[in-house]
Each structure stands twice: as structure tokens, then as C-alpha cells.
Amino acid sequence: MVRTVKGRPHVTILVANLPAERDRRVIRECLSLEANGFDVTVIAPRGDRNLRLLPGSRNTRLRPYPLIVYGSGVVSFAVEFGWSFLCIAIRLLGELLRGRAHAVQVCNPPDIYFPLALIWRALGRPWVFDHHDLCPEIYAARSGGSVNTWVFRTLVLLERLTLRTATAVFATNESFRENALRRGVPAERITVVRNGPAAEEISRDATPAPDVATDHRHTIAYVGVFGPQDNVEVALLAAEDLAKRRDRRDWRMVLAGDGETMPALTKLAAERGLNDLVEFAGWLDAAAVDALLRTATIAIQPDLPTRMNQLSTMAKTVEYLGRGVPVVAVDLVETRRTAGAAARYLATGSPAEFAAALDDLLDDPAERDRMRDVGLDRFTTTLAWGHQAQRYVSVWRRLLARRLPRPLAGEADGPGATTTPAAETAGRRASVVIAAHDEAGVIGRCVDTLLADARDGEFDVTVVANGCTDATAQVAASRPGVRVVELDVASKPAALNAGDRVAAGFPRVYLDADVVLTTADLRLLADAVRPVAGGTAALAAVPRRALDLTGRPPLVRAYFAVHRHLPAFRDGLFGRGAIAVSATGRERFGSFPDLVADDLFLDSLFDRDEKREVTGSTSVVATPRRLGDLLQRLTRVRAGNAAMRAAATAASTAGAAPTGVRPARRLSWLRDVVVPRPWLAPAAFCYVLITVVAASRARRADRGGHTWERDESSRVVPAAVPGLGVPAGNSHLRGK
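Throughout, a residue's number is its position along its own chain's written sequence, starting from 1. In keeping with the predicted nature of the model, local features appear solely for residues at pLDDT of at least 70, side-chain atom pairs appear and are counted solely at 80 or more, and the whole-chain, interface and lining totals rest on all residues. Hydrogens and waters are ignored; side-chain quantities use all the structure's heavy atoms.

Draft legend 1. Representation of helix α27 (residues 681-700). Numbering of helices and strands runs from the N terminus, with a helix taken as a DSSP run of H or I at least four residues long and a strand as a DSSP run of E at least two residues long. An expected span of 1.5 Å times one less than the residue number is assigned to each helix. Taking 1.5 Å as the rise per residue, α27 with 20 residues should run 28 Å; its terminal C-alpha atoms sit 29 Å apart, in good agreement. All buried positions along α27 are accounted for by A683, A684, C686, Y687, I690, T691, A694, A695 and A698. Buried positions in α27, seen along its axis, are confined to an arc of 165° and lie on one side of it. Exposed positions of α27 whose direction lies more than 90 degrees from the buried face are P682, F685, L689, V692, R699 and R700. Accessibility here uses a 1.4 Å probe with only protein chains present; expressed as a share of the type maximum, an area under 20% marks a residue as buried, one over 50% as exposed, and anything in between as partly exposed. The directions considered for the arc are those from the helix axis to the C-beta atoms.

Below is the structure:
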């Protein structure tokens, strides 16, 4: 019986083109979510009728539907997709009525589920698009050169609508990310989550896989789909050519997989007399794939050099690298980005080219050893699913932060958990300083999200409760491993300086209490300023900024529609609520000055090439809930910025070294935002009006840097948010 744990957030995953138990990416995603405290349901075409749970999972339920029509032409495809849409919509509605489907992930192809996205987002629930395939490019690749322009344009439109209606987008590589950007998706909504096996799927024998199989024949392996775009026919023809170059008793080729070209391939192998050399292994499960590749000498990747294949990361490539198998492949953009020097690349991918390259590598064990080492290193340090799962789960933690309970001991253990391997995190330590004034409503969420997946001792966290009249210190102290310092005076600069005095180690991260930053985001941020051998690290780094505009009134949304596009936020350290600095960067100043604009102060210390916005790391910044709250925040910010510039001018007049305080760019909203985006003109009118009012208020106000004046509305957290209570009996360190 499938059991839902009350209080856990629930994600429903929609798959239309494959049974769930055959989609390895979806399986890994489900296991990662499950291991990190989420409940999961998968709605997909029916495969094995006996399955109720996803294989390998604890309680990921399957809600299959019958697929009674298989598309092979325009009409049959339309009927198949219409039937799938109807079945998925009915089952998804059932999940909603059962109190599940707090968020939905839809996987393509096809790109037809955006009407459901509009409904789900209207309900205030996240809708995430996991972009598996470029459907327009697939159509072009399968059309045999006779592309119908209207069909192609329709597919592009459907893809654009699917991308634009999603709350967040998972792109499988940088090319998919660039495609989403071209379709108009804001960069902060896109997260690259690559395909690839988890380390647990690969055998951990003490000895490496033998270079030659037990029958003393080299094995040339292919693992994947047999479709027109996969070009497996070239592998067969290369085998025929290779048989003319070397002894047939010296090698064999194993083609593992299935698909629509399988009948033609088996017929071709028989006609060419290759049955003694080529074995069709069929569709293999993960264990069988591992067993095959651990005995493989070389892997072959004959994908056609179409636009779709140029932009796609082949799952088989990462499978090969994970076992240290050298790859011979057509020279494709994303294949080269994935495999690097672990592959030998062919210009055209003709059978003769493949045969020559295979023959050469079979006679060069030293080169194979070098390629094997490169492949294993790329897999271990970058491509393994464990690295991708950190990014994947961090997005869900951000989207469903309000529904997440505090992690239970041991909850992050198991397949797919986003814990980082010990070898990778050995010696890793970042120190986080959080200045908190009357933050009892949000400090628990901030710390819990920050440390949800952290290893013991991985991060040093200090919360400085300054001038608090609520339970900020008690809530922070109830979190294991968090140091709490209390100050009598309410002063953010004083709090930051006090936190600096007790913080242990670098990099140093300064974090606002109302910002949501996940463990994975914190790791990426710290790594960006960590010194690297033979390279240049940034001295200061910030995450990308995601603005929470949920439920905000039109004028507030209009203001941020312009504000979010200002160039200052592309290369500045301000407005993110989180800034990481290296030890060298921290040496740029002695202590935080008595100014409100601490982020502008830090920004002034570094040149553009010393700062970095970290791809993949995102901080969720709450925006003001009312127009009055927005005006109050802008008044404080403008007054603080003015004080910062005045202090810089005074220092320069007194003969001190000039600082790099960013000058005001008063027409940037017009030149850099409205001119290239004229549709934002109405929003720009609101932006200018609000800015002028705030500037007038700032000039009249007498504001010093010693008090906290901030927007309280952005710190409102629903009472149902777990983890904000104060558990009794927890020990803590408190300084004063």
C-alpha cells in the first residue's frame, strides 16, 4: 500500500511518451525527491501492469493510463496526443482532489500541456517544465528533409508556450538553456540539470572493469534508442568495414536498446553477414547496462549531425564516461561539451571514419587508458547524477519552501539524496553571517533551508540578533549548530561586524534573514570565491535573484517588471540578499561602515572582473506586498545609497583613496529597458512615478545608518510554515 506522509509536499510528474519505469531520468528525479522529504506520483503511459510503485522507490506511486493509439503520421499523432492530454488531465484532477499535486512537473514530448499550467498557476501552485527534447528539431530531423513550414512553426509556438507558462524550467544542458532564453524565459527561472547515472548505479568493484571481455574479444558497445536520428545503421556498416581491417575473432559489437528501426537493423545485419560480429542485446535495465559497459573496450556514438543532435546531450554519453569507456563519436556541440578529451571526434561520421577510428583505438591501449581516466574524472567531479540532483532538489525546495517540514534525521539518506560525496566536500567550509533584527517570523525558514542538506560541520553559521524585541535569538538558537550572538542596539553594520569577529573560516557569506537560499545554492556560491590552483577565482560572488511577486498588487508588479531588467543587477552585488567574499576579498576593508547600504559598500570594493554572478545559484527575494511598503523600502535604499556616495565624496575630498561607488544611472530604465522592450512602457510610467516619490521622501528624511528601517510585509510567513517554533532542550552557543 502506498502511504502519503501527512505534511510532506507532493510533486506530480507527467510523462507522455514513455512508461515511467523505462525513463531513467524520471526515475532518478523521483528517487531524489523522495530521499529529500517529498511525496511523488508519476502519471505516465501504462507499461508493466503489475507495477503500483516506481521500481527502486519507497513510496513513489504510479498512476498509469492506457495508450491505445501510437502516432506515425500527423493525424494519428494528433489523436495520440489528444488522448494523452485527456488521460493526464483526468488523473491530475484526481490528484488535486485527493489533496496532492502541490506542484507539477511536466516532461516533453509533446509540448501541449500549457493549458493545464495556466490552471495550476492560477491555483497558486508551481508548474515546472523538464525539457527533455527539442520537439521542432525532432520533427525536422525525422522529416527526411521535407519540413512543412507550418508544422514546424506550430511546434515552435507550442514549445514557446510550454516554456513561458512554466514557473521554472529544467534544461538538460547549456544549449537547451540558450534555447529557453531565446523563447523569452527569464534566466532566473532556468536551471541546468544534466542527464546521467547516479554513482550508485555503477558497480563499485575494487578492481576496474577488464579491458577485454572474458572470451578475450574486445567489445564495442552502443547503448540507447534505435531511432532514425540515432543513426545506428552506421554502427553496423562500420562493423562491416572494420571486419575488413582486422581479425573477426578479435572483437565484437553489442547494440543494446530498442526502437522503431530495430527490424531494419536486424535485417541489415543478416544481409551483410554480421550476425557473428554484432549482437542485439535488447532493452537493458540499469544493472545490465552497467555489466555491459564494464566489459566494453570502446563505446560508439553514431548520432547524425542534425541540429537536434548538436544541441542535445545524449544520455548514453554520460553512461559511457561513468564506466571509463573511451568514446568514438560524431563531432557534436553538446557531445564535445560533455565528453571533452574522453572521446575521439569524427568530422562526418561515415562508416569508414568510424571503422578507422575504432581500428586505431583497439591497437592503442595507452590512449584508451588516458581517455578512460579523463572520462571517469569528468563523471566523478561533474556529470554524476548526485551533482545534478543538488540543483534539481534545490529548485523544488525553493518552490515548495512553505510546505517543507524540518528534515528528519536520516531523511536525506538513500538513493538520489543530495548529499555531497565525502571526497568532494572534504575540507569544505564556508562561514555565514546573518544580521537579524526582529526576524522571528523568517529566521527559522532561512536557516532550515540553508542547512537542509548540509553535512555536520560543513558550514559555520552565526546569527546576530541585534536590538530584538521578539524571539529571533531563541528561534535561531533552537537550530543545531547555529551560533547566536545578541546585541542590545539595533544596527545592521554593528551586527555584521560582530558576526565577523566570531565567524570561523572563509569563504564568508553575508546573508539577509528574509532570503531563501538552499544548501546547494550556498555550496555553489562558496565555490565561486574559493581559490583554485592555476586559476583565478572571483573575490566576491552573488546568486541570481528570483523575485517573489506572488499576490502583489499591479503597481508593485509593474515597478519590478522594469526593475528586474536594469543592467545594474547583472554585474552588481546588491539586491540579492546574499554576498560571498573570499579571504582576499575580505582584506579589502577593515569593518563595515555605519551605513545602511552594506551591499552597495561591498560592491564599491571590487572591479567588474573581480565579481561574479553564479550560474545555478538562486536567492529568492521577497518583494513588498503593498505599494506603501515598496515606497518605504525605496526611501530607505535611496537614502542609504545617498549616504554611501556622500561618504565616498567626503573621503576623496579629505585625500583618501577614491572608492568605486557605482554612479546613479537615472535614465537606465529608458535606455536599457524600455527602448529594447517597448511593451514595458506602461510599467515604466509606474516605475518612474514610484521612483520620484521615493526620491522625494528620501531627500526629506533624516536617516542614519544606525537603525533598522525595513519592509515588514516581505517578512510575513504563513502560520502553517513548519519549523518556526522554538523546540525546547536544544543547546546553543550565545555571545554578547
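Draft legend 2. View of helix α11 (residues 315-322). With respect to burial, α11 is a largely interior element, seven of its eight residues being buried. Among the residues of α11, K316, T317, V318, E319, Y320, L321 and G322 are the ones counted as buried. Once α11 ends, the next one or two residues include G324, with phi positive near 70°.

Draft legend 3. Representation of the environment of E95 in the model. By the secondary structure assignment, E95 is in helix α2 (residues 74-97). You can call E95 buried: its relative accessible area is 0%. Contacts of E95, omitting those with residues within four sequence positions, involve H10, T12, T41, I43, R63, R100 and A101. Two residues form a contact once any of their heavy atoms are found within 4.5 Å.

Draft legend 4. Quick peek at the packing of aromatic side chains. We call Phe, Tyr and Trp rings a pair once their centres come within 6.5 Å, taking the six-membered ring for Trp, and we label the pair stacked below 30 degrees between planes, edge-to-face above 60, and tilted otherwise. Tallied over the entire structure, the rule returns 13 aromatic pairs. Plain terms: the ring middles of W385 and Y392 are 6.2 Å apart, the flat faces sit at 50° to each other, and that makes the pair tilted. Under the relative-accessibility criterion, W385 is labelled buried at 2%. Owing to a relative accessible area of 0%, Y392 belongs among the buried residues under this scheme. Ring geometry for Y559 and F560: centres 5.1 Å apart, planes at 85°, overall edge-to-face. Residue classification places Y559 among the buried residues on the basis of a relative accessible area of 4%. Members of the aromatic cluster, each reached through a chain of ring pairs, are F170, W385, Y392 and W396. We call a charge positioned above a ring when the Lys NZ or Arg CZ atom is no farther than 6 Å from the ring centre and deviates by at most 35 degrees from the ring normal. The residue whose ring lies beneath R22 is W283, and the NZ or CZ to ring-centre distance is 4.4 Å. R336 extends its terminal NZ or CZ atom over the ring of Y345, reaching a point 4.1 Å from the ring centre.

Draft legend 5. Just the pattern of salt bridges, in detail. Put simply, a salt bridge is a Lys or Arg side-chain nitrogen that is within 4 Å of an Asp or Glu carboxyl oxygen. All told, the structure shown has 38 salt bridges when counted by the stated rule. Among the salt bridges present, the one from E613 reaches R544, with a minimum N-O distance of 3.8 Å. Taken together, the positions of E613 in strand β20 (residues 611-622) and R544 in strand β18 (residues 540-548) put the pair 69 residues apart, joining distant regions of the chain. Look at E613 and you get partly exposed, because its relative accessible area is 30%.

Draft legend 6. Just empty space enclosed by the protein, in detail. Only protein atoms enter the 1 Å grid used here. Points where a 1.4 Å probe fits but cannot escape make up a cavity, open sets with protein on both sides within 12 Å along at least five of seven lines make up a pocket, and a residue lines them when an atom lies within 4 Å of a point. Grid points are joined across faces, edges and corners, and a volume is the space filled by probe spheres set on the points. Counting across every chain of the model gives four cavities of 30 Å³ or more. When its volume is computed, the second largest cavity comes out at roughly 50 Å³. As for the second largest cavity, its lining consists of T191, R391, S394, V395, R398, D521, G616 and T618. Broken down by secondary-structure element, the contributors of at least two residues to the lining of the second largest cavity are α15 (385-399) and β20. Considering every element that reaches the lining of the second largest cavity, the biggest residue donor is α15, with four residues. Of the residues belonging to the lining of the second largest cavity, the class tally is one nonpolar, four polar and three charged. Amino acids are sorted into nonpolar (Ala, Val, Leu, Ile, Met, Phe, Trp, Tyr, Cys and Pro), charged (Asp, Glu, Lys and Arg) and polar (every other residue, Gly among them).

Draft legend 7. The side chain of R508, seen in detail. Along the chain, R508 turns up in strand β17 (residues 508-512). Take R508: its relative accessible area is 4%, and that puts it in the buried class. Residues adjacent in sequence count toward polar contacts only when both atoms are side-chain atoms; beyond that, a polar contact is any pair of N or O atoms within 3.5 Å, and within protein one must be able to donate a hydrogen and the other to accept it. A polar atom in the side chain of R508 sits 3.2 Å from the backbone oxygen of G505. Beyond its immediate sequence surroundings of up to four residues, R508 is in contact with S431, V433, D500, A503, I579, A580 and V581.

Draft legend 8. Seen up close, a positive patch on the surface. The residues that make up patches have over 30% relative accessible area and no salt bridge, and they are joined within 9 Å when like-charged or within 5 Å when they are Val, Leu, Ile, Met, Phe, Trp or Tyr. Only the protein chains shown count as cover for residues, with accessible areas throughout obtained via the Shrake-Rupley method and a probe of 1.4 Å. All tallies of charge rest on Lys and Arg as positive and Asp and Glu as negative; His and the ends of each chain are not included. By convention, the point assigned to a charge is CZ for Arg, NZ for Lys, CD for Glu and CG for Asp. Positive charge collects at one region of the surface, where R638, R666, R697, R699 and R700 lie side by side. Of all the elements, α27 adds the most residues to the positive patch, at three residues. Considering the arrangement of structural elements, one finds R700 in helix α27. For R700, a relative accessible area of 63% corresponds to the exposed category.

Draft legend 9. Fine view of a nonpolar patch on the surface. Together, L667, L670 and V675 give the surface a local cluster of nonpolar side chains, amounting to about 280 Å² of exposed area. Topologically, V675 is positioned in the loop between α26 (668-674) and α27. Among the residues examined, V675 registers a relative accessible area of 58% and is labelled exposed.

Draft legend 10. Spotlight on unusual backbone geometry. The omega torsion across N108 and P109 is 0°, close enough to zero to call that bond cis. Residue P507 is reached from F506 by a cis peptide bond, and omega for that bond is 0°. Note that P507 resides in the loop between α19 (492-502) and β17. Unusually for a residue other than glycine, A101 sits at a positive phi of about 55°. With respect to the secondary-structure elements, A101 resides in the loop between α2 and β4 (103-107). A relative accessible area of 0% places A101 in the buried class. The phi dihedral of N231 falls on the positive side, at around 60°, and the residue is not glycine.

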